[in-house]
Amino acid sequence: MPENLDPQYRRDPVTGRWVIIAPIRSLRPLTLAHSKPHARTGAGHAHCPLCEGAEANTPNEVYAIRDANSTPNGPGWQLRVVPNKFPAVHPLGEPVYLSEGAGDLFDSLPGFGEHELLIECPHHEVTPIALSDPEMTQVLTAYRERILALGGNPLYEYATIFKNIGAEAGASLAHLHSQIIATPVVPEAVRNELEMSRAYYDRRRRCVFCDILREEHTERHRVVAESASFIAICPFAPRFAYETWVLPKSHDSRYEAQTDTQYAELASLLKQTLGKLDTVLAEPAMNYYLHTSPLRSANLRYYHWHFEIVPRIARQAGFEWGSGCFINAVAPEKAAADLRAAKPPPIEAALGL
Ligand SMILES: [Zn+2]
Ligand SMILES: [Zn+2]
Ligand SMILES: [Zn+2]
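Nothing here was measured: the structure is a model prediction, and the numbers come from that model. (Residues numbered from 1 in each chain as written. Chains lettered and ligands numbered in written order. Predicted model: local features only at pLDDT ≥ 70, side-chain atom pairs only at ≥ 80, totals over all residues. Heavy atoms only, no water.)

## A few points about the packing of helix H4 (residues 260–281) against helix H6 (residues 332–341)
The contact between H4 and H6 brings their axes to 9 Å, and the two run at 105°. One element, H4, and the other, H6, form an angle in the roughly perpendicular class. Residues Lys 276, Leu 277 and Val 280 of H4 pack against Asp 338, Leu 339 and Arg 340 of H6. In terms of residue class, the contact of H4 with H6 is made up of 3 nonpolar, no polar and 3 charged. (Axes fitted to C-alpha atoms, helices over the stretch in contact; angles between N-to-C directions. Helix = DSSP H or I, 4+ residues; strand = E, 2+ residues; numbered from the N terminus. Parallel < 35°, antiparallel > 145°, perpendicular 65-115°, else oblique. Contact = heavy atoms within 4.5 Å. Nonpolar A, V, L, I, M, F, W, Y, C, P; charged D, E, K, R; others polar.)

## Some words on the coordination of the zinc ion (ligand 2)
Of the protein atoms, only Cys 207 (SG), Cys 210 (SG), His 251 (ND1) and His 304 (ND1) coordinate the zinc ion (ligand 2), at distances of 2.1 to 2.3 Å. For the zinc ion (ligand 2), the 4 donor atoms in the first shell make angles of 106 to 116° at the metal, a pattern classed as tetrahedral. Here the donor residues for the zinc ion (ligand 2) map to a single chain with the spacing C-x2-C-x40-H-x52-H. With Cys 210 in helix H3 (residues 208–219) and His 304 in the loop between strand S12 (286–291) and strand S13 (306–311), the pair connects residues that are 94 residues apart, well separated along the chain. Residue Cys 210 is classed as buried on the basis of its relative accessible area, which comes to 19%. With relative accessibility at 0%, the residue His 304 sits in the buried group. (Donors = N, O, S within 2.8 Å, 3.2 Å for Na, K, Ca; no water. Tetrahedral: all angles 85-135°; square planar, octahedral: opposite > 155°, others 65-115°. Buried < 20%, exposed > 50% of the residue type's maximum accessible area, 1.4 Å probe, protein only.)

## Overview of the environment of Ala 54
Within the fold, Ala 54 resides in the loop between strand S2 (18–21) and strand S3 (63–66). With 19 residues separating them along the chain, Ala 54 and Asn 73 place their C-alpha atoms 9.3 Å apart. Residues within four places of Ala 54 in sequence aside, it is in contact with Cys 48 and Pro 49.

## Observations regarding the nonpolar core
If you look at the biggest cluster of nonpolar residues, it comprises 50 residues, and the most contacted ones within it are Leu 140, Tyr 143, Tyr 255 and Phe 307. With 8 residues, the top contributor of residues to this core is H4. When we break this core down by domain, the ones giving at least three residues each are domain 1 (8–188) and domain 2 (203–351). Once residues lying within four places of it in the same chain are set aside, the contact partners of Tyr 255 are Leu 140, Tyr 143, Arg 144, Ile 147, Tyr 263, Leu 266, Leu 290, Thr 292, Trp 305 and Phe 307. Residues Tyr 201, Val 223, Ile 231 and Leu 300 belong to the second largest nonpolar core, which totals 19 residues. (Core = buried A, V, L, I, M, F, W, Y, C linked by side-chain atoms within 4.5 Å. Domains from an automatic or database assignment.)

So, to be careful, I would describe these as geometric facts and stop short of saying anything about function.
What follows is the structure, given as structure tokens:
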């Protein structure tokens, strides 16, 4: 039987858990050697399909910040968003919805959605702290622009924004980029957070994240860094060693509702936090992702947007896979103390020059 490359959502009949089967992902080029667990070098620079001048290697841009006299899909840009050439989901066909419990034994749906690549800079950088503050601010405001643009399509319920840094964290290309996947359903991780924080709100009439921030601000054992409007903390029950969350201090469930000044402030704190992780963990592979409310939401009283940063310094083992329960070898109080004390490395060191 010839292999069908069309993506598909499939529901596990035992647990009800959805997965995406996307065989086309196996065809994408890999410029980071997966045998090197912490590869953060400029590997693959010569053949990098994301560098300025290589625009012909990517599908046509859907958003860009570029010089006034430049032309789309040519050089002269600071940031580009393009459809992923090897998408996990694609906007073909129509989304189909299944009501809970109404499905067959083997439920599957077309892999409907949009998968975008956000190329963060024209020059070949491989570590986020090499971006200038204005460049990082542009990345954060581009996240807002894509949330708003994808939210304009009523078929999409959620846009997951995430970043893989290093091969061990799932990156296949070294050049700094983020990814965005818009789906017709709210992904399970966010749905769980929404449900649990709503239950907390129903009991106490307060946002659980605001309560956490109040506590952490008083105790200070797990605070990593803070600015006027944002704070970085190691959460009370982290799955991963040195897991760090970055949150706004005042309540808002919508990432896209921040002001330009706030994105600039967030860029600086995010860079500082990522730099501290680089110092303490010697430039680890990392993921970060945004948890925010579903597309087109009003400001929800019970939910609070945040970034979660997860360094990938330990592989998940049989217990984690078998039980769903994570074993974390570093208490968050120690992780926060280490990170608080650390200075971000100089940029030259981060670039490996
Ligand atoms: Zn590049
Ligand atoms: Zn809150
Ligand atoms: Zn979260």
